[in-house]
Amino acid sequence: MFIDHVRITITSGAGGHGHISFRREKYVPNGGPNGGDGGRGGDIIFVADTGINTLMDFRYKKKFAAQPGSNGGGSNCSGKNGADLVLKVPVGTLVRYGWDSEDGEKGMVMADLNAPGERRVLAKGGRGGRGNQHFATPSRQAPKFCEDGRPGKEYKVTLELKLIADAGIIGFPNAGKSTLLSRVTAAKPKIADYQFTTLAPNLGVVRLDYTQSIRDGASYATEFVLADIPGLIEGASQGVGLGFDFLRHIERTRLLLHVVDAARLEDDELTPVQAVEKINAELAQFNPALLERPQILVANKIDLPIDPVHMEELQQYAAARGWLCFAISGATGQGMPELVRGVANALAGLPPIAHYEPDYETYFEPERRGDFITVEKDSESGIFRVEGPGIERMLGYTNLADERGFAFFQRFLREKGIIDKLEELGIEENDTVQLYEHEFDYWK
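Residues numbered from 1 in each chain as written. Predicted model: local features only at pLDDT ≥ 70, side-chain atom pairs only at ≥ 80, totals over all residues. Heavy atoms only, no water.

Draft legend 1. Geometry of the overall build of the protein chain. Check the secondary structure of the protein chain and you find nine helices and 18 strands. Taking all 444 residues of the protein chain together, 47% fall into the buried category. If you take every contact in the protein chain between residues at least 6 apart in sequence, the share linking residues at least 24 apart comes to 71%. Carbon and sulfur atoms provide 49% of the accessible area of the protein chain, an area that totals close to 22,600 Å². (Helix = DSSP H or I, 4+ residues; strand = E, 2+ residues; numbered from the N terminus. Buried < 20%, exposed > 50% of the residue type's maximum accessible area, 1.4 Å probe, protein only. Contact = heavy atoms within 4.5 Å. Areas by Shrake-Rupley, 256 points an atom, 1.4 Å probe, with all protein chains shown as cover.)

So this is what it looks like as C-alpha cells:
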C-alpha cells in the first residue's frame, strides 16, 4: 500500500541524573565527593533510504522514543548514553513541525530529506546531569546535591512524501497518462478503461540514446525520472476524487506533461482546451506557484478520429503561453520519440528539483542561555510564578530537602532580587510562590 502522509510523535531520550556519593576508604576518613554524571539521552535521527518508497512503517506505530541516558554512579562513574533512534524514510520526505490539519493547513518545515543517505537530527537528547563532584569548592567541600538530567524533546510531526521526479504527468482520468509512462519507461502501471485505475503515483526512468543526442546536436538529458500522477478532477484541491492526496507529488517536479484526450467525442462536456484549464485551475487552488511551472501539452489518442478545430485550438492555446505541444498515440507509439526528445531538451534548461529550506530550527528550542528571570502574578489564581534559565539550573543542582541546600536556595532568591520583585508585586505572608514544579508559602 502506498502511504505518503502520516502524523507521528517523536521523543528524544532524557538525560540521566547525576549521583551523590563520597569516597569511603580505609584510612581516608574525609574522602571528597565522587558522584558520577548522568548519560546523555538518545537523539531522534531521520535518514533518507533509497530502499523505501512509502511511509507504511509509520501507519500503525505513531510514537517513537529514543533511549534515555543512565544515571551516574559512585566512584566518579558516568552513566551510559542512551541509544539514538534512527528512523528510515523514503527519499523526498518532508518533515513538518506539528500535525497538518484536515483543511490543508501545514506546519513549518523541519527537514527536507531529498538526497539519498541524508541524515538529520530532529530531536536532540537531553544532557546528562552532573554529579556532586562538580560542585565542591574550598568553602563547600562536601556538597550533598547533584544535577538532574535534562528532559528529552517531544515533537508532533507530519511526514509528507513528495516524489522526486523531473517531470510529472497530469491530466483527467483516462487521458492516457499511465499508457504514456509505460511506453517510454520500464514502469508497469495498471492500465484499464475506467476512471481512477491509477490509485498511487508511479515512477519510471526515461533513458535516451546518448549517440542520438550527439548526432542531433542538442543538449538532451541522457535520462530523467517521470511520474504518473493519479487523475485529477474538478474539486481535487478540496479533496474530491484522489487529487488532494497526490497533488503534493507535483510540487517537486521541474516540468509538467499535461496529457489531454484529443479525441473527445461531440457529447463530451469539455473541449480539450477546457479540460486543460480545469486541471490548471485545480493546481492554482492547491498551490498558485504550480502555474509558474513549465508545461508541455500532450494531445493523446490521435489514432482515433480527431476534430481538427479542437486540435487547432489546443495548439494555439499552447503557443500563446510559450508551451510546446506534441500530438501522440499512446496505443501505437506515434509521436513518442519526438515527445521524449522535447521533454529532455526542455529539462536541460531548467533548474534542479525543488528543495524546501527548513523554516523551523530544531534543536529547535535550543537550550536557552542567560540568567534572565521573570516574576509574575497570576491575576486569576493569585499565585506568584518565578521562571527563567537561572532558576532551572539552580533547582537542578540544589537539594531543597537538605537544610544547607535550602539555605543556599533562600540566599539565591535574595541575591538575585527575586524577593524584592515579589514584594513590589504585593506578595503577603502565606501567598503561594511557584517555581516550575515546586510551590512554597511565602513568609518573612
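Draft legend 2. Spotlight on the pattern of salt bridges. What the rule picks out here adds up to eleven salt bridges. A salt bridge links Arg130 to Glu147; its shortest N-O distance comes to 3.0 Å. Taken as a pair, Arg130 in the loop between strand 7 (119–123) and strand 8 (154–161) and Glu147 in the loop between strand 7 and strand 8 lie far apart in primary sequence, 17 residues in all. We classify Glu147 as buried; its relative accessible area is 6%. Connected through shared salt-bridge partners, Arg40, Asp43 and Asp84 make up one network. (Salt bridge = Lys/Arg side-chain N within 4 Å of Asp/Glu carboxyl O.)

Draft legend 3. Structural detail: helix 4 (residues 272–286). For helix 4, built from 15 residues, the straight-helix expectation of 21 Å at 1.5 Å per residue is met to within 8% by its first-to-last C-alpha distance of 22 Å. Those residues of helix 4 lying buried are Pro272, Val273, Ala275, Val276, Ile279, Asn280, Glu282, Leu283 and Phe286. Where helix 4 is buried, its residues contact strand 9 (167–170), strand 12 (255–261), strand 13 (295–300) and helix 5 (308–320). (Expected span 1.5 Å × (residues − 1).)

Draft legend 4. Quick look at the packing of helix 4 against helix 5. Here helix 4 crosses helix 5 at 40°, and the two axes come no closer than 8 Å. Considering the angle they form, helix 4 stands oblique to helix 5. Along its contact with helix 4, which presents Pro272, Val273, Val276, Glu277 and Asn280, the element helix 5 presents His310, Glu313, Leu314 and Tyr317. Of the residues that constitute the contact of helix 4 with helix 5, the class distribution is five nonpolar, two polar and two charged. (Axes fitted to C-alpha atoms, helices over the stretch in contact; angles between N-to-C directions. Parallel < 35°, antiparallel > 145°, perpendicular 65-115°, else oblique. Nonpolar A, V, L, I, M, F, W, Y, C, P; charged D, E, K, R; others polar.)

Draft legend 5. Structural context of the packing of aromatic side chains. Evaluation of the coordinates by the stated rule reveals four aromatic pairs. Ring plane angle 70° and centroid distance 6.1 Å describe the contact between Tyr317 and Trp323, whose orientation is recorded as edge-to-face. For the pair formed by Tyr317 and Trp323, the shared burial category is buried. Measuring from ring centre to ring centre gives 5.2 Å for Phe409 and Phe440, while their planes differ by 35°; the resulting arrangement is tilted. Of the two residues, Phe409 sits in helix 8 (residues 403–415) while Phe440 sits in strand 18 (residues 438–441), which places them 31 residues apart along the sequence. Owing to a relative accessible area of 3%, Phe409 belongs among the buried residues under this scheme. Take Phe440: its relative accessible area is 21%, and that puts it in the partly exposed class. Sitting over the face of the ring of Trp99, Lys156 holds its NZ or CZ atom 5.2 Å from the ring centroid. (Phe/Tyr/Trp six-rings, centres within 6.5 Å; stacked < 30°, edge-to-face > 60°. Lys NZ or Arg CZ within 6 Å of the ring centre and 35° of its normal.)

Draft legend 6. Structural view of the nonpolar core. Grouped together as the largest cluster of nonpolar side chains are 26 residues, with contacts concentrated most on Ile8, Ile10, Phe46, Phe58, Val95 and Leu159. Elements supplying a minimum of two residues to this core: strand 1 (5–11), strand 2 (44–49), strand 4 (85–90), strand 6 (109–113), strand 7 and strand 8. For this core, the leading source of residues is strand 8, giving four residues. Setting aside residues up to four positions removed in sequence, Phe58 forms contacts with Val6, Ile8, Phe64, Leu87, Lys88, Val89 and Leu159. (Core = buried A, V, L, I, M, F, W, Y, C linked by side-chain atoms within 4.5 Å.)

Draft legend 7. Fine view of the side chain of Thr253. By the element assignment, Thr253 lies in the loop between helix 3 (243–246) and strand 12. When sequence neighbours within four positions are dropped, the list of residues in contact with Thr253 reads Ala165, Asp166, Ala167, Gly168 and Arg293.

Draft legend 8. Region of interest: the pairing of strand 1. Both strand 1 and strand 8 contribute to a ladder of seven bridges, which runs antiparallel. Residue His5 lies in a different strand from strand 8, and its bridge partner there is Glu160. Pairing between strand 1 and strand 3 (residues 63–65): three bridges, direction parallel. Note on strand 3: the bridge partner recorded for Thr11 is Ala65. (Pairing = 2+ DSSP bridges.)

Draft legend 9. Highlighting the sheet that holds strand 18. With mixed pairing, four strands are arranged side by side in an open sheet as 15-16-17-18. The two strands at the open ends of the sheet, each matched to only one other strand, are strand 15 (374–377) and strand 18. Put simply, the sheet's adjacent strands are angled 20° from each other on average, direction ignored. When strand 15 meets strand 16 (residues 384–387), the two strands line up antiparallel, connected through four bridges. Bridged to Glu376 within strand 16 is Arg385.

These figures capture arrangement, not role.
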